[in-house]
Structures are given as C-alpha cells and as structure tokens.
Amino acid sequence: MPTTLPGRVTACLFDMDGVLTSTAELHRKAWKQVFDEFLAAREGPSFTPFSEQDYLDHVDGRPRRDGVRAFLASRGITLPEGGPDDPHDLATVHGVGNRKNDLIEKILDEEGVTPYPGSVRFVKAAHEAGMALGVVTSSANGERVLAATGLAPLISVRVDGVVIDQEGLRGKPAPDSFLAAARQLGVEPSATAVFEDALSGVEAGRAGGFGCVVGVDRAGQAEALRAHGADIVVKDLEELL
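Residues numbered from 1 in each chain as written. Predicted model: local features only at pLDDT ≥ 70, side-chain atom pairs only at ≥ 80, totals over all residues. Heavy atoms only, no water.

**Some details on the overall build of the protein**
Move 1: The helix and strand tally for the protein stands at ten helices and six strands.
Move 2: For 241 residues, the compact-globule estimate of 2.2 N^0.38 gives 18 Å, and the protein sits close to it at 17 Å.
Move 3: With respect to the three principal axes, the spread of C-alpha positions in the protein is 55 × 35 × 30 Å.
Move 4: Looking at the protein as a whole, 57% of its 241 residues qualify as buried.
Move 5: Considering only intrachain contacts with a sequence separation of at least 6, the fraction spanning at least 24 residues in the protein is 64%.
Move 6: Element-wise, carbon and sulfur atoms account for 49% of the exposed surface of the protein, whose accessible area totals about 10100 Å².
Move 7: Mean positive and mean negative side-chain charge positions of the protein (24 and 36 charges, respectively) differ by 1 Å. (Helix = DSSP H or I, 4+ residues; strand = E, 2+ residues; numbered from the N terminus. Rg over C-alpha atoms; globule rule 2.2 N^0.38 Å. Buried < 20%, exposed > 50% of the residue type's maximum accessible area, 1.4 Å probe, protein only. Contact = heavy atoms within 4.5 Å. Areas by Shrake-Rupley, 256 points an atom, 1.4 Å probe, with all protein chains shown as cover. Lys, Arg positive; Asp, Glu negative; His and termini not counted. Charge placed at Lys NZ, Arg CZ, Asp CG, Glu CD.)

**Quick look at the environment of Ser74**
Move 1: Within the secondary structure layout, Ser74 lies in helix α3 (residues 64-74).
Move 2: By relative accessible area, Ser74 is classed as partly exposed at 36%.
Move 3: Linking Ser74 and His58, residues 16 residues apart in sequence, is a C-alpha distance of 8.1 Å.
Move 4: Among the polar contacts made by the side chain of Ser74, one reaches the main-chain carbonyl oxygen of Phe71 at a distance of 2.5 Å. (Polar contact = N/O pair within 3.5 Å; in protein donor to acceptor, adjacent residues only side chain to side chain.)

Note that all results are geometric; they support no functional claim without further evidence.
The following block contains the structure:
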C-alpha cells in the first residue's frame with residue numbers, strides 16, 4: 001500500500017477527470033469547441049481561439065458555470081446568468097454551459113471512458129488496505145463516468161456537479177466539495193489525502209486543511225501544482241504504490 005503518503009492518512013478523495021480517467025481531454029475538447037464557436041460568432045474570424053493555457057487557468061476543475069464566467073471574464077466578456085433551461089444557443093452563462101454539457105455527453109457517447117491503469121491499481125490497493133474512498137468532481141456526468149470505470153463499487157461517496165448544485169456548495173478552488181465528501185465519509189480532513197490534476201483542485205485541497213494534497217501531473221505543470229499547494233506531485237498514481 002502507499003508508502004509515500006503520510007502515515008496519518010486513512011482516506012482518499014479523488015478528482016475524476018484527469019486523475020482516475022482520461023476524460024479531462026474530452027472536456028478540454030468540448031470546451032474548446034464551445035468557446036471557439038461563441039467567440040467566432042461574437043467577434044468574427046479574427047477572434048483569439050481558446051487555448052490549452054486558457055483551459056488550465058480558467059476552466060480545469062471548476063464547476064461548469066464557474067468555468068464559463070472565469071474564461072469569459074479573462075476576455076473582458078460578461079454574460080447574463082440566464083436560467084437552467086436556457087437553450088444552448090442563448091448567450092447566457094447557463095446557455096453556454098448547457099451547450100458544453102450537451103457536447104460532452106455526445107463526445108462521451110462516441111469516445112467512451114478510459115480509466116488510467118495506474119489509478120485503477122492504486123484505488124484497488126487503497127480499498128484493500130481499508131482506506132475510505134470518495135470521488136469529488138465538478139462534472140455533472142460524475143455518476144456515469146465513474147460507473148464506466150468499474151471502480152464505483154469501491155467508492156463510498158461521490159460529490160459531483162449535481163450534488164454541488166443541489167447543496168449550494170462553492171466550487172473549486174473553494175474546499176466545500178472536498179469537505180462535504182470528508183463529512184460523508186466520517187473522516188477528518190487532516191487524515192485525508194486529496195488527489196487532483198487541476199490547479200483549482202489543488203488549491204481546494206490546501207484550503208480545506210487536508211492532510212496530504214497529491215498533484216497528478218498530466219499536463220506538464222508539476223511546478224505550478226506545487227506552487228498552488230501540492231505536497232506531492234506524480235505523473236501517475238501507481239508511483240505511490
């Protein structure tokens with residue numbers, strides 16, 4: 001079982017996209033299509049496309065509508081909030097977010113979900129060692145994606161985008177979703193490790209006072225993960241076994 005985690009750690013909270021599964025790339029693809037279409041319609045062919053750095057700085061790890069607000073604010077754009085039932089072609093925060101959700105569902109249908117083998121091995125080892133396990137993800141598709149990994153029977157608690165909305169939790173980089181999962185597991189944050197690939201998620205783990213924050217470097221941002229609060233940075237969870 002993990003030897004590089006502090007001995008006090010008895011529970012693990014995993015982000016999903018980019019930590020347990022390769023679906024972060026699918027989310028990045030969907031966000032790029034949605035924002036590029038939005039910007040092209042608003043600004044014409046001279047628009048500056050949504051970039052990898054835009055994704056990492058403004059969207060990665062955040063709840064969908066927070067990501068819409070943050071990215072558009074970086075371009076000096078403010079949209080009305082609108083409502084949950086806004087059509088995806090409406091220029092509101094909800095409308096843009098709904099367009100992204102429709103698109104990611106389509107992409108998931110077409111491309112499926114692939115868990116990282118090293119993450120599967122780590123989760124199974126942590127479960128066998130008696131650790132309490134939870135998933136904390138901003139994705140509204142959390143239940144579907146987790147089920148597709150085959151790991152759902154090992155995960156006791158799932159706090160996803162649906163739960164975050166229902167309970168009025170602040171999204172990452174606020175620690176609310178991780179703290180809610182720890183409460184559901186009945187564990188203290190100080191005895192819990194958080195596993196995150198997003199800078200906003202690492203910040204959330206640090207802000208919540210968790211015993212160990214593991215940055216999972218899938219995007220060549222090891223130093224940024226450390227700067228935002230990661231205690232340990234790995235390229236794959238299997239390195240911790």
